[in-house]
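Chains, contacts and geometry: an overview
What follows is each chain in one-letter form.
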Amino acid sequence: MLIDRCQSTWEKINKLEVVKFKLQLDLNDKNEALQIDKDMLNLDKECANITYKTDPLKTPKRMITYEQWQEKCEATKRMAEDELRDTLKLRESLFVARERARNTLRAQTDVTNYMMRKRIYDTQRARNELEWQKMKMEENMDKLAAELKTMGEQFADKVNALKVAQTRLEVRGYRPGIELVSDEADLGLKEEVSNLKETVRQLQDKLDCAKATYNALEAASIKIALDLNDKEHSLETDTQALEMRAALEPKRLQGTEKNLVLARVTDEMPKTEM
């Protein structure tokens, strides 16, 4: 739209240049004719440059009638007035085009800024959610690490107890003669060893499960940290882009400058040199 308006304006300027040239030429002819008529009006019989002419009644080849002269003057006037009217319409259309383009750009800018602010808001909300998840996951990892430490201590305690029970049972197997008897102590040690083995197995399973859970939480925490870093980078980029777009906003006049523009007296104010 703006290119079409610029093309039309350029063509109109060329036409105006032609009209201006014709008007200037006509004006020069009229000024010269007016000067000749004034000189002839001031001419009298006392002037030194009066002489006989060979054919004073001849009609010059370019001479036209008074009616034709009026018609040509009116035609020139109408041509200038028509061009001025067309120029006024063109200027109005240019104003409309500029305002339409300005409104379109302003609407596009508002929509773009709104979408960027919305994206920043969504990114901030996602970042806050990730930070909360990361905090909760770290808390769970700390709790699980404490449980792993406790379970490890319990596991070591049960292993040591199992070693003691097995050692007792093994050493009692070296009793001499008929003293090698399956008494209550022997049966109790065997039952204790069996119970401790089952307890150690269960603790080992729980330790393996807890370690696997801790490793999964650690991997998820690393993934959340990477995602959080991406969100921070995206948020910083969008914020900088929104700040850079502020330069596209038209400068809003304030105070005295606004009043001067509204009163259309900015050209009359003295220019201050910095």
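Residues numbered from 1 in each chain as written. Predicted model: local features only at pLDDT ≥ 70, side-chain atom pairs only at ≥ 80, totals over all residues. Heavy atoms only, no water.

1. With respect to the overall build of the chain
In terms of regular secondary structure, the chain is built from four helices and zero strands. Taken from the N to the C terminus, the helices and strands of the chain come in the order α-α-α-α. For the chain, whose C-alpha radius of gyration is 53 Å, the value lies well above the compact-globule estimate of 19 Å for 274 residues. C-alpha atoms of the chain, sized along the principal axes, occupy 180 × 40 × 25 Å. By residue count, 17% of the 274 residues in the chain fall in the buried class. (Helix = DSSP H or I, 4+ residues; strand = E, 2+ residues; numbered from the N terminus. Rg over C-alpha atoms; globule rule 2.2 N^0.38 Å. Buried < 20%, exposed > 50% of the residue type's maximum accessible area, 1.4 Å probe, protein only.)

2. A closer look at the UniProt feature "coiled-coil region" (unreviewed entry) in the chain
Taking the UniProt record as the reference, the feature "coiled-coil region" (unreviewed entry) is found at residues 127-154 and 186-220. With 100% helix and 0% strand, residues 127-154 has its two end C-alpha atoms placed 40 Å apart. With 100% helix and 0% strand, the stretch residues 186-220 has end C-alpha atoms that lie 50 Å from each other. (UniProt positions renumbered as here; feature names shortened; annotations may be inferred.)

3. Quick look at the confidence of the model for the chain
Of all residues in the chain, 91% attain a pLDDT of 70 or more, and the chain-wide mean is 86. The secondary structure element of the chain with the lowest average pLDDT is helix α4 (residues 255-263), at 60, and the one with the highest is helix α1 (residues 2-41), at 92. (pLDDT = per-residue confidence, 0-100.)

4. Here we look at the nonpolar core
Formed by 19 residues in total, the largest nonpolar core has its most connected members in Met137, Phe155, Leu162, Val200, Leu207 and Leu217. Those elements giving two or more residues to this core turn out to be α2 (66-172) and α3 (184-244). Sorting elements by how many residues they give to this core places α2 first, with 10 residues. The residues touching Phe155, leaving out its near neighbours within four places in the chain, are Val200, Leu203, Gln204 and Leu207. (Core = buried A, V, L, I, M, F, W, Y, C linked by side-chain atoms within 4.5 Å. Contact = heavy atoms within 4.5 Å.)

5. Quick look at the side chain of Thr76
One can find Thr76 in helix α2. The residues touching Thr76, leaving out its near neighbours within four places in the chain, are Leu23 and Asp26.

6. Some details on the pattern of salt bridges
With the rule as written, the count across this model stands at 17 salt bridges. In this structure, Lys231 and Asp227 form a salt bridge, with 3.1 Å as the shortest nitrogen-oxygen distance. Of this pair, Lys231 and Asp227 both sit in helix α3, separated by four residues, roughly a single helical turn. A single salt-bridge network, built from bridges that share partners, covers Lys12, Glu83 and Asp86. (Salt bridge = Lys/Arg side-chain N within 4 Å of Asp/Glu carboxyl O.)

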